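# Fold and contact review
Spelled out, the chains give:
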Amino acid sequence: MKRKLLFLALLMSAFLLSGCLYPGDKEERKKIPGEDQILSVQQAVEKFREEEGGILPIKNQEAETDMYMKYPIDFKRLVPKYLSDIPANAFENGGYYQYVIIDPEKYPTVKVFDLRIAETIRDIKIRLAAKKYPPYKDRLAKDVFTLDYKKLGYDKEPKVTSPFTMRELSLVITGDGSICVDYLPDLKKILAEKKGLSLKPGQDIRYVLTLDSPFVPAYSLPYTVDDNGRPVFKE
């Protein structure tokens, strides 16, 4: 996962720099994908899959890549036969969003995630590289910790905006040094609103975040519920 985050961070830096060449398209590139854009890509994926005998138009990723980032759409295989143009806000077109497929075996569904999160993660990792050991602060779970950001030179804790609730989310670090977004506040809020979901301890419950959203919980760790139905980090 560390290599994957670094790779995405480098890609993110590249497209942010290249974005300076297209100032007129800046607003389009950062627009949140609309229902019509998601639907058109979804339809293109389904047509491709039907004609290609079940094959999906996706790029190859490392086996350990998290399932919500593991199947990025390969627009070169869709345009122009199945899709007239790559969405203006897609990474491949200089945009801020990566289009991905979730549930590829049963119900291949098009979703997106915001690549700008990678910039925040990249900055933290650069500061961590200058330290002999990560400045751990609090232990949240067996292998999940917060960081002492003052020791990393921050005036205030860096956060990212949740695509699900629009609230500010913290980042956490694992024992192997992976920096991830903590979606626990989002899960608590959504589970409180969604009654009747049948969730079991040990089950990865991140899918709940995707039910009514075009987004996926990118750069995340697995979560489950405890014996009382409360969301917790999955060990």
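Refer to the structure presented above.
Residues numbered from 1 in each chain as written. Predicted model: local features only at pLDDT ≥ 70, side-chain atom pairs only at ≥ 80, totals over all residues. Heavy atoms only, no water.

### Digging into helix H5 (residues 184-193)
Where H5 is concerned, the buried positions are Leu184, Asp186, Leu187, Ile190 and Leu191. Along the long axis of H5, the arc covered by the buried residues comes to 150°, so they all point the same way. Those residues of H5 hidden inside the fold are in contact with strand S6 (168-169), helix H6 (207-210), strand S9 (223-225) and strand S10 (231-233). (Buried < 20%, exposed > 50% of the residue type's maximum accessible area, 1.4 Å probe, protein only. Helix = DSSP H or I, 4+ residues; strand = E, 2+ residues; numbered from the N terminus. Arc of directions from axis to C-beta. Contact = heavy atoms within 4.5 Å.)

### Brief notes about the nonpolar core
The biggest cluster of nonpolar side chains holds 63 residues, and the ones touching the most others in it are Ile73, Leu78, Tyr99, Ile124 and Tyr219. Contact partners of leucine 78, with chain neighbours within four places excluded, come to Ala44, Val45, Phe48, Pro57, Ile73 and Leu83. (Core = buried A, V, L, I, M, F, W, Y, C linked by side-chain atoms within 4.5 Å.)

### Some thoughts on helix H4 (residues 117-129)
Taking 1.5 Å as the rise per residue, H4 with 13 residues should run 18 Å; its terminal C-alpha atoms sit 19 Å apart, in good agreement. Within H4, burial applies to Ile117, Ala118, Ile121, Ile124 and Leu128. The buried residues of H4 occupy an angular sector of 125° when projected down its axis, which confines them to one face. (Expected span 1.5 Å × (residues − 1).)

### Considerations on the pairing of strand S2 (residues 109-114)
With respect to burial, S2 is a largely interior element, five of its six residues being buried. The hairpin formed by strand S1 (residues 97-102) and S2 contains six residues between the paired strands, and aspartate 103 there has a positive phi angle of roughly 50°. (Pairing = 2+ DSSP bridges.)

### Looking at the pattern of salt bridges
Scanning the model with the defined rule gives nine salt bridges in all. As a salt-bridge pair, aspartate 212 and lysine 194 come within 2.5 Å of each other at their nearest N and O atoms. Of the two residues, aspartate 212 is situated in the loop between H6 and S9 and lysine 194 in the loop between H5 and H6; the sequence distance between them amounts to 18 residues. Because the salt bridges share partners, they merge into one network encompassing Asp66, Asp204 and Arg206. (Salt bridge = Lys/Arg side-chain N within 4 Å of Asp/Glu carboxyl O.)

### Considering the side chain of serine 162
On the secondary structure map, serine 162 appears in the loop between strand S5 (160-161) and S6. Residue serine 162 is classed as buried on the basis of its relative accessible area, which comes to 0%. Looking at serine 162, its side chain comes within polar contact range of the main-chain nitrogen of phenylalanine 164, at 3.0 Å. Those residues in contact with serine 162 that sit more than four places away from it in its chain are Arg167, Leu169 and Asp186. (Polar contact = N/O pair within 3.5 Å; in protein donor to acceptor, adjacent residues only side chain to side chain.)

### Overview of unusual backbone geometry
Looking along the chain, the bond that leaves valine 79 and enters proline 80 is cis, with omega of 0°. Examined against the element boundaries, proline 80 turns out to sit in the loop between helix H3 (35-51) and S1. One non-glycine residue with positive phi stands out, namely methionine 166, at about 65°. Checked against the element boundaries, methionine 166 lands in the loop between S5 and S6. Classification of methionine 166 as exposed rests on a relative accessible area of 56%.

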